Amino acid sequence: MRKVIAAGTITLAVVASLLLPTAAEATTVTDIYASPAGTGTACTVVAPCSIYQAKTNARAVAAVGTDDIVVHLFGGTYWMTYTLNLDMTDQPLNGHSLTYENYDSNPPILDSGQAVTGWTLHDAAAGIYQASVGTLDFRQIYDGNTRGIRARYPNVTDSATAGPYLPVTSTNTSTVTVPTADLPSLSSYSGVEMVKLDNWRDKHLRIDSVTATSTPGQSEVSFLSPESSNTLFGSFPQPTSYYFLENSYNFIDAAGEWYLDTSSTPHTLYYKPANGLAPADGQVIVPRGQTTMQLYGASITNPMTNITVKGLTFQHTNWTQPNQYGYVTGQAAIELTTNGNSTIPGAVQMTNVTNSTFENNTIRDTGAQGLLVFGNTSGITVDHNTVTDTAAGGIYFDAGTAARRTSENQTITNNTVSYVGRDYSDAAGVLTTFINNSTVSNNDISNGRYSGISMGWSWNDGDTGASNYNTISGNRISNVMTLLDDGADIYTLGKMAGTTISGNYVSSTLRSSWAGPYNVAGIYLDNGSTGKTVEGNVIDNVTASFFAYNPPNHDNYIEDNWYNSPLGSIGTLNTVSGNTPVTGSAWPVDAQTVIDNAGVLP
């Protein structure tokens, strides 16, 4: 039985009738409808309401606890003025389910951005236009489907690496020294950031001052706090590090570049369109909201459960903490170390959620991560989604600190993840930390500047009570590690008892000319690796097929794989057998079957 109930019509009589269903009505569904232009409180198919009113109506039904609830979203753009937060007051009682889904073939787009209007010509000779954006602050803009370029020096010419870069002479405890001749001529460096590469890290450092050193031709660049005092500032510096500068009006000299002046209110956005014409009203979108949708249970023992989100598009999220704290992470863009190890947010987030599904959705054009499943969660299925053009990572399952390591029975399958780490290059396509009894299979991951799949997160071989009995299988990963080093198509860390890496096809992962000396591989078992079986994978055109050497590293099995690249380095305490070197693309039948079956399934 299906029924539509407006919030204002739930009376005691209705509640009583709902609490006493007949046998024929034992499982009922309440349908609620929303549209981008929806008004009122009816929320019916003929009179849909707003998405926020739909949530209010669904919450009222959830409190009764006799119906499953389906919130149908008509197609079109929903301008999300604030996060769609779902918590325990939205959880249907008595084990009933809650679903948010598309209603028709026209996709619902939940947009956390704001359209820019009122463009005027600022500099005719340079082709720069300006518009007021009120008090908004942001680090990305979008012209249609194209991500703008935060004005930088030197100009970007290679989208795969975000290069070119300039060389660093030396990295000190809290400063760097660079050739003076490489620096642009600026009257002030206020607001300018240095984006600096250090092996597996991509640091965004707010400049405090630039001064000449006693060495002729060299200048010292100092930075604001907390970056300058961060313990990772000078940690593992790249022997020859590289950088570029960004965020100055004076850097606007190439098509697509922009700069936001926040020195006075209203803030002013300057932009040099590729076609040289004034942008139409609404053509340029700037991000506003940090997270578009969030599911937040009370605890792992009192979670949100039986939630489904499907067929929706999430886009244009914001994240501005690097404006105040810079950007330095330990590894893989998980936590911002310059702000108390705060978790880098996602466009969609889940915390304290169990037995729920996120499927057939699209996340794109984000200011940080795409999907973030954080803290205590279990039984989450993430299937057949598209995640693309993210400032940081793609799909992240981060169990967090030791007090919150409950992440188990997760399923990450058949997702297409591409062009992650567009601003924070040290992000991965799919990442899991302290995860148990879970599957990462048949995903298609491509075009990232760091690792494709990362799973860990402990640097020793002790038992953490997590990261065990996982499967990484059937994935197709290509063109990752295009910038940084110390990563791989598939990168794992720490003890993982009973974990299998099998049937994956990884290809075209080659060391960047900007990378440091650490390893780049097809499959990488880093420090603490033990208990892992790597079998039946095809490794095609990579810098090194395997790397399993950094101690402690033992009792792993690398068997029956095919590879046409150098074998790599494998520690003697691991077992290596039955692997087949191949010349070019002359793959045996079994290897070709792995290639053909890898990636997204129907």
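Because the structure is predicted, anything quoted here is derived from the model rather than measured. (Residues numbered from 1 in each chain as written. Predicted model: local features only at pLDDT ≥ 70, side-chain atom pairs only at ≥ 80, totals over all residues. Heavy atoms only, no water.)

## Overview of the overall build of the chain
- Secondary structure assignment for the chain yields four helices and 56 strands.
- What you see for the chain is a C-alpha radius of gyration of 25 Å, in line with the 25 Å of a compact globule of 602 residues.
- Viewed in the frame of its principal axes, the chain has a C-alpha envelope of about 85 × 65 × 45 Å.
- Relative to its 602 residues, the chain shows a buried fraction of 59%.
- Within the structure as shown, the chain displays about 21,500 Å² of accessible surface, and the carbon and sulfur contribution to it stands at 51%. (Helix = DSSP H or I, 4+ residues; strand = E, 2+ residues; numbered from the N terminus. Rg over C-alpha atoms; globule rule 2.2 N^0.38 Å. Buried < 20%, exposed > 50% of the residue type's maximum accessible area, 1.4 Å probe, protein only. Areas by Shrake-Rupley, 256 points an atom, 1.4 Å probe, with all protein chains shown as cover.)

## A word on the sheet that holds strand 13 (residues 149–150)
- Overall, mixed pairing links the five strands, which are arranged 9-10-23-22-13 in an open sheet. Both edges of this open sheet fall to strand 9 (120–123) and strand 13, since each of them pairs with a single strand only.
- Alignment of strand 22 (residues 257–261) against strand 23 (residues 268–271), held across four bridges, turns out to be antiparallel. Along strand 23, the bridge assignment pairs Asp261 with Thr268. (Pairing = 2+ DSSP bridges.)

## Structural notes on empty space enclosed by the protein
- Using the criterion set out here, one finds one cavity of 30 Å³ or more in the structure.
- One number sums up the size of the largest cavity: a volume of about 40 Å³.
- Lining the largest cavity, in full, are Phe434, Gly456, Trp457, Ser458, Gly462, Thr464, Ser467, Leu493, Gly494 and Lys495.
- Across the lining of the largest cavity, the residue classes tally to three nonpolar, six polar and one charged. (1 Å grid on protein atoms, 1.4 Å probe; cavity = no way out; pocket = protein on both sides within 12 Å on 5 of 7 lines; lining within 4 Å. Points joined across faces, edges and corners; volume = space filled by probe spheres on them. Nonpolar A, V, L, I, M, F, W, Y, C, P; charged D, E, K, R; others polar.)

## Remarks on a nonpolar patch on the surface
- Residues Val45, Val46 and Tyr103 make up a contiguous nonpolar surface patch of roughly 300 Å² in combined accessible area.
- Topologically, Val45 is positioned in the loop between strand 2 (28–34) and helix 2 (51–64).
- The exposure class of Val45 is partly exposed, given its relative accessible area of 37%. (Patch = residues over 30% accessible without salt bridge, like charges linked within 9 Å, V, L, I, M, F, W, Y side chains within 5 Å. Salt bridge = Lys/Arg side-chain N within 4 Å of Asp/Glu carboxyl O.)

## Some remarks on the environment of Tyr524
- Tracing the sequence through the fold places Tyr524 in strand 48 (residues 520–525).
- Note: C-alpha distance between Tyr524 and Ala544 (20 residues apart in sequence) is 9.4 Å.
- With sequence-adjacent residues up to four places away left out, Tyr524 is seen in contact with Asp486, Gly487, Ala488, Ile490, Tyr491, Thr492, Asn519, Phe547 and Asn550.
- Reaching out from Tyr524, the side chain makes a polar contact with the side chain of Asn550 at a distance of 3.2 Å. (Contact = heavy atoms within 4.5 Å. Polar contact = N/O pair within 3.5 Å; in protein donor to acceptor, adjacent residues only side chain to side chain.)

## Examining the sheet that holds strand 7 (residues 108–111)
- Judged by pairing direction, the sheet is parallel, and its twelve strands sit side by side in the order 4-7-28-32-34-38-41-44-47-50-53-56 without closing on themselves. If you trace the sheet from one side to the other, it starts and ends with strand 4 (76–79) and strand 56 (580–581), each paired once.
- Sheet topology note: the strand 32 (residues 362–366)/strand 34 (residues 386–390) ladder contains four bridges and is parallel. Within strand 34, the position partnered with Thr366 by the bridge is Thr390.

## Side note on the pattern of salt bridges
- Counting across every chain of the model gives twelve salt bridges.
- Between Asp90 and Arg59 there is a salt bridge; the shortest N-O distance is 2.9 Å. Placement of Asp90 in the loop between strand 5 (84–86) and strand 6 (98–102) and of Arg59 in helix 2 is noted, with a sequence separation of 31 residues between them.
- Residues Arg150 and Glu193 are paired through a salt bridge, measuring 3.2 Å at the closest nitrogen-oxygen approach. Residue Arg150 is located in strand 13, and its partner Glu193 is located in strand 18 (residues 193–198); the two are separated by 43 residues in the primary sequence. For the residue pair Arg150 and Glu193, the accessibility class agrees, reading buried in each case.
- Connected via shared salt-bridge partners are Arg139, Arg150, Glu193 and Glu246.

## Re unusual backbone geometry
- Geometrically, the link from Tyr153 to Pro154 is a cis peptide bond, its omega value of -5 degrees lying close to zero.
- Cis geometry is adopted by the peptide bond preceding Pro266, which originates at Thr265 and carries an omega value of 5 degrees.
- The backbone of Asn479 shows a phi angle near 55 degrees, a positive value even though the residue is not glycine.
- In this fold, Asn479 is placed in the loop between strand 44 (476–478) and strand 45 (487–492).

## Quick notes on the packing of aromatic side chains
- Enumeration over the complete set of coordinates arrives at 25 aromatic pairs.
- Taking the centre distance of 6.1 Å and the plane angle of 50 degrees together, the rings of Trp119 and Tyr271 count as tilted. Taken together, the positions of Trp119 in the loop between strand 8 (113–115) and strand 9 and Tyr271 in strand 23 put the pair 152 residues apart, joining distant regions of the chain. Summarising the burial analysis for this pair, Trp119 and Tyr271 share the class buried.
- With 6.3 Å between their ring centres and 50 degrees between their planes, Phe547 and Tyr549 make a pair best called tilted.
- Ring pairs connect the aromatic residues Trp457, Trp459, Tyr491, Tyr524, Phe547 and Tyr549, which therefore count as one cluster.
- Sitting over the face of the ring of Phe233, Lys203 holds its NZ or CZ atom 5.9 Å from the ring centroid. (Phe/Tyr/Trp six-rings, centres within 6.5 Å; stacked < 30°, edge-to-face > 60°. Lys NZ or Arg CZ within 6 Å of the ring centre and 35° of its normal.)

## Thoughts on the pairing of strand 33 (residues 369–383)
- Strand 33 sits mainly inside the fold: 14 of its 15 residues count as buried.
- Bridging between strand 31 (residues 346–359) and strand 33 involves eleven bridges; their strand directions are parallel. When the sheet's bridge partners are listed, Phe358 is paired in strand 33 with Val382.
- Two strands pair when backbone bridges link them, and strand 33 and strand 35 (residues 395–398) are joined in this way by four bridges, in the parallel orientation. Bridge pairing in strand 35 places Val373 opposite Phe397.

## Considering the nonpolar core
- The biggest cluster of nonpolar side chains holds 108 residues, and the ones touching the most others in it are Val71, Phe314, Phe358, Ile395 and Tyr396.
- Beyond its immediate chain neighbours, meaning those up to four positions away, Phe358 contacts Val309, Phe314, Val348, Met350, Ile363, Leu371, Thr381, Val382, Asp383 and Asn385.
- Grouped together as the second largest cluster of nonpolar side chains are 24 residues, Ile128, Val168, Val176 and Phe233 included. (Core = buried A, V, L, I, M, F, W, Y, C linked by side-chain atoms within 4.5 Å.)

## Digging into the layout of surface pockets
- Volume-wise, the largest pocket comes out at about 610 Å³.
- Gly148, Ile149, Arg150, Val156 and Arg422 are, among the 35 residues lining the largest pocket, the residues nearest its centre.
- For the lining of the largest pocket, the secondary-structure elements that each account for two or more residues are strand 12 (146–147), strand 13, strand 18, strand 19 (201–212) and strand 21 (242–246).
- Partitioning the lining of the largest pocket into residue classes produces 15 nonpolar, nine polar and eleven charged.

## Overview of the confidence of the model for the chain
- In the predicted model, the chain carries a mean pLDDT of 94, and 95% of its residues have values of at least 70.
- Contacts for the low-pLDDT stretch residues 6–25, under 50 throughout, to residues beyond four places or in other chains number 20 contacts. (pLDDT = per-residue confidence, 0-100.)

## Some remarks on the state of the cysteines
- Considering all chains together, one arrives at one disulfide under this definition.
- What pairs with Cys43 in a disulfide is Cys49, and their sulfur atoms sit 2.1 Å apart. Given an S-S torsion of about 110 degrees, the disulfide between Cys43 and Cys49 has right-handed geometry.
- Exposure remark for Cys43: the relative accessible area of 0% places this residue in the buried category.
- By relative accessible area, Cys49 is classed as buried at 0%. (Disulfide = S-S within 2.5 Å.)

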